[in-house]
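# An overview of the molecular structure
Listed below are the residues making up each chain.
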Amino acid sequence: MSDHAVLHVKGRVLVGPEDVRDELWVVGGRVTYDRPAAGDVTTVEGWALPGLVDAHCHVGLDTHGPVDAETAEKQALTDREAGTLLIRDAGSPSDTRWIDDREDLPKIIRAGRHIARTRRYIRNYAHEIEPDDLVAYVAQEARRGDGWVKLVGDWIDREAGDLTACWPRGAVEAAIAEAHRLGARVTAHCFAEDSLRDLVEAGIDCIEHATGLTEDTIPLFAEKGVAIVPTLVNIATFPDLAAGGEAKFPQWSAHMRDLYERRYDTVRAAYDAGVPIYAGTDAGGSLAHGLVAGEVAELVRAGIPVRDALSATTWGAREWLGRPGLDEGAAADLVVYGADPRQDVGVLAAPRRVVLNGRVVG
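These remarks concern the structure in this document. (Residues numbered from 1 in each chain as written. Predicted model: local features only at pLDDT ≥ 70, side-chain atom pairs only at ≥ 80, totals over all residues. Heavy atoms only, no water.)

We now examine the pattern of salt bridges. All chains considered together, the criterion is met by 25 salt bridges. One salt bridge connects R102 with D104, and the closest N-O pair in it is separated by 2.8 Å. Using a relative accessible area of 26% as the deciding quantity, one classes R102 as partly exposed. Measuring nitrogen to oxygen at the nearest pair gives 3.1 Å for the salt bridge that ties R117 to E130. Taken as a pair, R117 in strand β10 (residues 115–117) and E130 in the loop between β11 (127–129) and α2 (134–144) lie far apart in primary sequence, 13 residues in all. (Salt bridge = Lys/Arg side-chain N within 4 Å of Asp/Glu carboxyl O. Buried < 20%, exposed > 50% of the residue type's maximum accessible area, 1.4 Å probe, protein only. Helix = DSSP H or I, 4+ residues; strand = E, 2+ residues; numbered from the N terminus.)

Next up, the structure:
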């Protein structure tokens, strides 16, 4: 398409869960519902959704730590091909600001670099610090990020032989207060049960993975409006992780298996209680990029109704992150499918067309 071409999307435009329109146009890279004057028009037919959101993704990171720009570009392109056009990057040691200048790559909302306790996280991923320095590092990453900061709330404690909380209550209270003062929200990696109450009562905004939710903490999350991003495609790796650590850390291995086995019940119980849930894959560590369709399918498998699972990667996720969907005048970031994703979320795995900033890119 040339800069002066008009894209006409017709069929079913899913502007919102209850707002379905017959067509939209893309003029100058922007969405409009007003028919433009006749011109060079390209028509795409199908079911259109706002560009998908991966609310837990890591561009610029692999199993060993930061990657070069060429690898980060491939990661972002893989996400784009899957229809992911908005990423909340939940921690990366790489500077990926250059992506903001590329109109052909997904938009990224960054959480800065992970902040972890010394020797309590994956090597080369995080700032590894002690509690007395937490406020200063949270302030630093709040200024570097795009409105988010990422803590590592728990990890294996080799002396205890199991997952334990990384931060004392007072430290997280002060750190979260500082982030909020600077206008940033805070999220935390949490697999286990122990750290959740302190983090939520300290005012945290979101918990990643949240496999340790129980009947005691789920009501607290609902009361405080704390969101979760379950990353179920990542939780699927727990049995292999547990097997690998069985000989050295049997208690940890048993714990990881238990968290895995109750993962769907945990997510469904959180949903039933009214806890906000969003779709994220945890791509970029040990997981491949481009898995957002699989994550939405996992949410449905956990018992979340199809429309709410769709919202977790489209309308609801964009509202939560403060980014527009298919609004009049918004940048035209959308994905067109050959069948209705409200009937079968498996449709998300096969985009017919991907449109980013008004250009057909896939």
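The geometry of α2 relative to helix α3 (residues 169–181) is characterised by a closest axis approach of 9 Å and an angle of 25° between their N-to-C directions. It follows from the interaxial angle that α2 and α3 lie roughly parallel. The crossing of α2 and α3 is right-handed. Counted together, L134, V135, V138, A139 and R143 of α2 and A171, V172, A174, A175, E178, A179 and R181 of α3 form the full contact between these two elements. (Axes fitted to C-alpha atoms, helices over the stretch in contact; angles between N-to-C directions. Parallel < 35°, antiparallel > 145°, perpendicular 65-115°, else oblique. Left-handed = near helix turned anticlockwise from the far one by under 90°. Contact = heavy atoms within 4.5 Å.)

The next subject is the sheet that holds strand β9 (residues 107–110). Within a beta sheet, neighbouring strands are joined by backbone hydrogen bonds and run either parallel or antiparallel to one another. Read from one edge of the open sheet, three strands run β5-β8-β9, paired in parallel fashion. Because the sheet does not close on itself, it has two edges, and the strands there are β5 (52–57) and β9. When the angles between neighbouring strand axes are averaged without regard to direction, this sheet yields 20°. Where β5 meets strand β8 (residues 84–89), four bridges bridge the pair, whose relative direction is parallel. Across the sheet, residue V53 finds its bridge partner in β8, namely L86. (Pairing = 2+ DSSP bridges.)

Right, let's talk about the layout of surface pockets for a bit. Of the voids in this model, the largest pocket is the one considered here, and its volume is about 910 Å³. Forming the walls of the largest pocket are 33 residues, and the residues nearest its centre are Y121, I122, W155, I156 and R158. For the lining of the largest pocket, the secondary-structure elements that each account for two or more residues are β13 (154–157), α7 (238–245) and α8 (250–261). By residue number, the principal contributor to the lining of the largest pocket is β13, which donates three residues. The residue makeup of the lining of the largest pocket, split by class, is 13 nonpolar, 11 polar and nine charged. Reported here for the second largest pocket is a volume of approximately 250 Å³. Around the second largest pocket, the lining comprises 15 residues; the ones closest to its centre are S92, S94, D95, G112 and R113. (1 Å grid on protein atoms, 1.4 Å probe; cavity = no way out; pocket = protein on both sides within 12 Å on 5 of 7 lines; lining within 4 Å. Points joined across faces, edges and corners; volume = space filled by probe spheres on them. Nonpolar A, V, L, I, M, F, W, Y, C, P; charged D, E, K, R; others polar.)

It is worth spelling out a positive patch on the surface at this point. A cluster of basic residues, R119, R123, R158 and K248, forms a positive patch on the protein surface. Looking at the element boundaries, R119 is found in the loop between β10 and β11. Assessed through its relative accessible area of 69%, R119 is described here as exposed. (Patch = residues over 30% accessible without salt bridge, like charges linked within 9 Å, V, L, I, M, F, W, Y side chains within 5 Å. Areas by Shrake-Rupley, 256 points an atom, 1.4 Å probe, with all protein chains shown as cover. Lys, Arg positive; Asp, Glu negative; His and termini not counted. Charge placed at Lys NZ, Arg CZ, Asp CG, Glu CD.)

Attention now goes to the packing of α7 against α8. It is the contact of α7 with α8, at a shortest axis distance of 8 Å, that shows an interaxial angle of 170°. Taken together, α7 and α8 sit at an angle that is classed as roughly antiparallel. Facing α7, whose interface residues are F238, P239, L241, A242, A243 and G245, α8 presents P250, W252, S253, M256, R257, L259 and Y260. Of the residues belonging to the contact of α7 with α8, the class tally is 10 nonpolar, two polar and one charged.

Before going further, it helps to examine the sheet that holds strand β19 (residues 351–356). Read across the sheet, seven strands follow the order β3-β2-β1-β4-β18-β19-β20 without closing on themselves; strand pairing throughout is mixed. Two strands lie at the open edges of the sheet, namely β3 (30–32) and β20 (359–360), each paired on one side alone. Taken together, the two bridges between β19 and β20 define a ladder with antiparallel strand orientation. Bridge pairing links L356 to R359 in β20.

All right, on to empty space enclosed by the protein then. What the rule picks out here adds up to one cavity of 30 Å³ or more. By volume, the largest cavity amounts to about 30 Å³. Taken together, H209, A210, T211, L232, R263, T266 and V267 make up the full set of residues lining the largest cavity. Here the element with the most residues in the lining of the largest cavity is helix α9 (residues 263–273); it accounts for three residues. Among the residues forming the lining of the largest cavity, the class breakdown is three nonpolar, three polar and one charged.

Without other data, these values stay purely geometric and don't point to any function.
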